[in-house]
Amino acid sequence: MKEFTVAVVGATGAVGRMMIQVLEERDFPVKELRLFASERSRGVKIPFKGEDITVEVLSEQKSFAGIDIALFSAGASRSLEFAPKFAADGAVVVDNSSAWRMDPEVPLVVPEVNPHAVAGYKRKGIIANPNCSTIQMVVALKPLYDESPIKRVVVSTYQAVSGAGQKAIQELMDQTRAWCQGENMPEPKVFPHQIAFNCLPHIDVFLENGYTKEEMKMVNETKKIMEDETIAVTATTVRVPVFYGHAEAVNVETKEKITAQKARELLATFPGIVVIDDPENKKYPLQIEIAGRDEVFVGRIREDESIENGLNLWVVADNLRKGAATNAVQIAEILAEKYL
Ligand code: NAP
Ligand code: 3JM
């Protein structure tokens, strides 16, 4: 089997470390793994398949020749600057940031939904991984859409702190510990307010229309991935004091009626989805139970009795896995199997 030189850019971060773990777990055909991060990580070693790999400093002067696939998770500005350099030196970049997602020459891919779009990597040498909240939602929407086109989606999210990186995980831990020990609450540094025992309706920056950038990512990315500009999407994205796993309350309006029972069947037979929907026995997807899993979990499937053709769903996934690293590695697997 062909093997590839793979780079992880942002290797020391929450997403980067998970990418390395997922590459190993899925036994991706890696010939050589190269790891990049900032000057702060000079000399850091990260284990991969029993070997310690030394992190390289991402710098302007470097040639990136010899890299086949580069998985980026070092922030949008690094992606804007370095993804074209890696691509010019011959790599296909799978970028986790928002930098390239809405570029018409860059495919935006969720393998369960639009795997054919991967072919578009040939234009710029870059494929974009969608936002974590978009990924899990479109996986749940796809089997419903295939039954009847979707007119409108109203979504509210309950997003884990790990979506904001290593420092955010630490901030929730430090605030929780301080509160439990009766100490002074440390000043928030990553989040705009205290996150422990609190919910913040504020993820990423506010835009002129009053929505946050995170909310508009869900609106715009959904249309691009579903290849349907007519789907109306509106979102409220909320950070909650949970370490791993994003949950979403999703209201879907379809053109034709889909009963709750039919929706349950469609969702349960779709690749990458697990239905947990047994309210009598208190069974529905929970963040603490699905953390560490790669599938998208759907429960609380019920008809919206306020409109003719509506459904309500509760959709939960591990944001660092399906929401980021696993989706990126799945894209790399398609590249490896079909294109490179
Ligand atoms: P994180 O834990 O803060 O990690 C950031 C990573 O970027 C670290 O490896 C860091 O290296 C590196 N980095 C920062 N500045 C750099 C520089 N100037 N040069 C080289 N490397 C640099 O954040 P994260 O949660 O892993 O997220 C990383 C990025 O992935 C985000 O900014 C976002 O664009 C994307 N992301 C995407 C999703 C998704 O939905 N698909 C979810 C979460 C994040 P040091 O350790 O050396 O500082
Ligand atoms: C998730 O460098 C940055 O501004 C990154 C901000 C960020 C993003 C993003 O916009 O790329 C943090 C966490 C995302 C994302 O997936 O959209």
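All of these numbers come straight from a predicted model, not from anything done at the bench.

Chemist: For the pairing of strand 13 (residues 296-303), give the residues involved together with the corresponding values.
Modeler: Where strand 12 (residues 273-275) meets strand 13, 3 bridges bridge the pair, whose relative direction is parallel. Each residue of the ladder has a partner; that of Ile273, found in strand 13, is Val296. Looking at chain direction, strand 13 and strand 14 (residues 310-317) are connected through 5 bridges and run antiparallel. In the sheet register, Gly299 faces strand 14, and the bridge partner there is Trp314.

Chemist: Kindly report on the pattern of salt bridges, identifying the contributing residues and their values.
Modeler: Note that side chains of opposite charge can pair when their charged atoms are close. According to the stated counting rule, one finds 19 salt bridges in the structure shown. A salt bridge links Lys85 to Glu81, with the nearest nitrogen and oxygen atoms 3.7 Å apart. Here Glu81 and Lys85 lie together in helix 2 (residues 76-88), a separation of 4 residues that amounts to about one turn. Overall, Lys85 belongs to the partly exposed group, its relative accessible area being 29%. For Glu221, the salt bridge goes to Arg101, with nearest N and O atoms at 3.0 Å. With Glu221 in helix 6 (residues 213-226) and Arg101 in the loop between strand 7 (92-95) and helix 3 (121-124), this residue pair connects regions lying 120 residues apart in the sequence.

Chemist: For the state of the cysteines, give the residues involved together with the corresponding values.
Modeler: A full pass over the atoms with the stated rule returns 0 disulfides. Not engaged in a disulfide, the cysteine Cys132 finds its nearest cysteine sulfur in Cys199; these two sulfurs lie 17 Å apart. Residue class for Cys132 comes out buried when judged on its relative accessible area of 13%. A relative accessible area of 48% places Cys199 in the partly exposed class.

Chemist: Can you lay out helix 1 (residues 14-25) for me, pointing to particular residues and giving the numbers?
Modeler: When the terminal C-alpha atoms of helix 1 are compared, their 17 Å separation across 12 residues agrees well with the 16 Å that a helix rising 1.5 Å per residue should span. Listing the buried residues of helix 1 in full gives Ala14, Gly16, Met18, Met19, Ile20, Val22 and Leu23. Considering only its buried residues, helix 1 is in contact with strand 1 (4-9), strand 2 (30-37), strand 3 (45-48), strand 6 (69-72), helix 5 (166-180) and helix 9 (321-339). Asp27 occupies a position one or two residues after helix 1 and carries a positive phi of about 55 degrees.

The rules behind these values
Residues numbered from 1 in each chain as written. Chains lettered and ligands numbered in written order. Predicted model: local features only at pLDDT ≥ 70, side-chain atom pairs only at ≥ 80, totals over all residues. Heavy atoms only, no water. Pairing = 2+ DSSP bridges. Helix = DSSP H or I, 4+ residues; strand = E, 2+ residues; numbered from the N terminus. Salt bridge = Lys/Arg side-chain N within 4 Å of Asp/Glu carboxyl O. Buried < 20%, exposed > 50% of the residue type's maximum accessible area, 1.4 Å probe, protein only. Disulfide = S-S within 2.5 Å. Expected span 1.5 Å × (residues − 1). Contact = heavy atoms within 4.5 Å.

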